[in-house]
Amino acid sequence: MQWWNDLISWLTSSAARPTVYAGIVLFVAVLVAGLLASWIASMAIRRVVAQRDREAKNAAIAALIDAATEASVWNSLTPQEQVLADRAVGQADILVRLLPLRGADVAANWASHQLHELKRASATFGYQLDPAVVEFRDRMLEWQRRPSRTRKQFQNDLVRWRSQRQEPEQVAVEAQDTWVAGQHHERYQSAASIEVRADTAPTPTLDDARA
């Protein structure tokens, strides 16, 4: 107990004031430096995370825009190209839905609907729908710049499309899409069979020419 009393007496003495003051200043400096370093590290981590999210969003949007270009000429693609395009669209759709952004699901649903419409229009008109692709691209880029405002526009479009959909007409549209897809596959299967028969045809030989 005596050492504690001696310590208190020394701390309260005038001779210990410079040492106590230096200790307090050193403690405050270390505390401020630690807090500043923690803040800088936190900002750097947030910046890296934000950059990665931005790169992921840009990659997903670029993939969807590329998918819109392919969807506009969907009827001219081979079945194998259509499968690859669908896989790319599925991956881009998942990337968009996994983005840590409010309204990512709404944007993915809107893009899915528009891609389906581009495929149907390609089967109907048979040529690249440049205005529709440009509109799709501009809307997705607008969502990339202003996600909050564009999300409301996407939601309004989805509600409007849902209200305009009628069950009998929807069944007829789905039946038409199925028929178009069947015709498309039959066309390419017949073309492939013709190529196979041409490749497997016997090659004329010298003996055949003499005969």
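Residues numbered from 1 in each chain as written. Predicted model: local features only at pLDDT ≥ 70, side-chain atom pairs only at ≥ 80, totals over all residues. Heavy atoms only, no water.

J.: In this structure, what is going on with helix α6 (residues 147-164)? I would like to understand it.
T.: Residues that lie three or four places apart on an α-helix share one face, since the helix turns once every 3.6 residues. Taking 1.5 Å of rise per residue, 18 residues should cover 26 Å, and α6 covers 25 Å from first to last C-alpha, within 8% of that figure. Among all positions in α6, only Thr 150, Arg 151, Phe 154, Asp 157, Leu 158 and Trp 161 are buried. Seen from one end, α6 has its buried residues packed into an arc of 125°, which puts them on one side. Turned more than 90 degrees away from the buried face of α6, the exposed residues are Ser 148, Lys 152, Asn 156 and Ser 163. (Helix = DSSP H or I, 4+ residues; strand = E, 2+ residues; numbered from the N terminus. Expected span 1.5 Å × (residues − 1). Buried < 20%, exposed > 50% of the residue type's maximum accessible area, 1.4 Å probe, protein only. Arc of directions from axis to C-beta.)

J.: Explain the pattern of salt bridges here, please?
T.: Opposite charge on two side chains lets them pair, provided their charged atoms get close. If you walk through the whole model with that rule in mind, you get 10 salt bridges. Of the charged contacts, one joins Asp 93 and Arg 97 as a salt bridge, the two residues approaching to 2.7 Å between their closest N and O atoms. With Asp 93 and Arg 97 both in helix α3 (residues 79-97) and 4 residues apart, the pair spans about one turn of that helix. We classify Asp 93 as buried; its relative accessible area is 18%. (Salt bridge = Lys/Arg side-chain N within 4 Å of Asp/Glu carboxyl O.)

J.: Just to check I follow, could you spell out the environment of Ala 123 for this structure?
T.: Among the structural elements, Ala 123 can be located in helix α4 (residues 104-125). Residue classification places Ala 123 among the partly exposed residues on the basis of a relative accessible area of 29%. Taking the C-alpha atoms as reference points, Ala 123 and Ala 71, 52 residues apart in sequence, are found 9.7 Å from one another.

J.: Can you walk me through the nonpolar core in this structure?
T.: Soluble globular proteins tend to bury their nonpolar side chains together. The biggest cluster of nonpolar side chains holds 25 residues, and the ones touching the most others in it are Leu 64, Trp 110, Leu 115, Phe 136, Met 140, Trp 143 and Phe 154. Broken down by secondary-structure element, the contributors of at least two residues to this core are α2 (17-72), α3, α4, α5 (130-145) and α6. If you tally residues by element for this core, the top one is α4, at 8 residues. If sequence neighbours within four positions are ignored, Met 140 has contacts with Ile 61, Leu 64, Trp 110, Ala 111 and Phe 154. (Core = buried A, V, L, I, M, F, W, Y, C linked by side-chain atoms within 4.5 Å. Contact = heavy atoms within 4.5 Å.)

J.: Got a minute to help me understand the packing of α2 against α5 in this structure?
T.: Two measures define how a pair of helices packs: the angle their axes make with one another and the distance between the axes. At a closest axis distance of 10 Å, the pairing of α2 and α5 adopts a crossing angle of 170°. Judged on the interaxial angle alone, α5 and α2 are roughly antiparallel. Packed against α2, whose contacting residues are Lys 57, Asn 58, Ile 61, Leu 64, Ile 65, Ala 68, Thr 69 and Ser 72, the element α5 presents Val 133, Phe 136, Arg 137, Met 140, Leu 141, Trp 143 and Gln 144 at the interface. Residue composition of the contact of α2 with α5, by class: 9 nonpolar, 4 polar and 2 charged. (Axes fitted to C-alpha atoms, helices over the stretch in contact; angles between N-to-C directions. Parallel < 35°, antiparallel > 145°, perpendicular 65-115°, else oblique. Nonpolar A, V, L, I, M, F, W, Y, C, P; charged D, E, K, R; others polar.)

J.: I'm lost on α2 in this one. Help?
T.: In this model α2 runs 82 Å from its N-terminal to its C-terminal C-alpha over 56 residues, within 8% of the 82 Å that 1.5 Å per residue would give. When α2 is considered as a whole, its buried residues turn out to be Lys 57, Ala 60, Ile 61, Leu 64, Ile 65, Ala 67, Ala 68, Ala 71 and Ser 72.

J.: Looking at this structure, how should I read the packing of aromatic side chains?
T.: The way to describe two aromatic rings as a pair is by their centre distance and the angle between their planes. What the rule picks out here adds up to 3 aromatic pairs. On the numbers, 5.7 Å between centres and 15° between planes, the contact of Trp 110 with Phe 136 is stacked. Linking Trp 110 in helix α4 with Phe 136 in helix α5, this pair joins segments that are 26 residues apart in sequence. We note that Trp 110, like Phe 136, is buried. When the centroid spacing of 6.5 Å and the interplanar angle of 25° are considered together, the rings of Trp 110 and Trp 161 count as stacked. Residue Trp 110 is located in helix α4, and its partner Trp 161 is located in helix α6; the two are separated by 51 residues in the primary sequence. A relative accessible area of 15% places Trp 161 in the buried class. Just above the ring of Trp 143 sits the side chain of Lys 57; from NZ or CZ to the centre is 5.9 Å. One Lys or Arg, Lys 119, reaches over the ring of Trp 74 and ends 4.2 Å from the middle of that ring. (Phe/Tyr/Trp six-rings, centres within 6.5 Å; stacked < 30°, edge-to-face > 60°. Lys NZ or Arg CZ within 6 Å of the ring centre and 35° of its normal.)

All quantities given are derived from atomic positions and should not be read as evidence of function.
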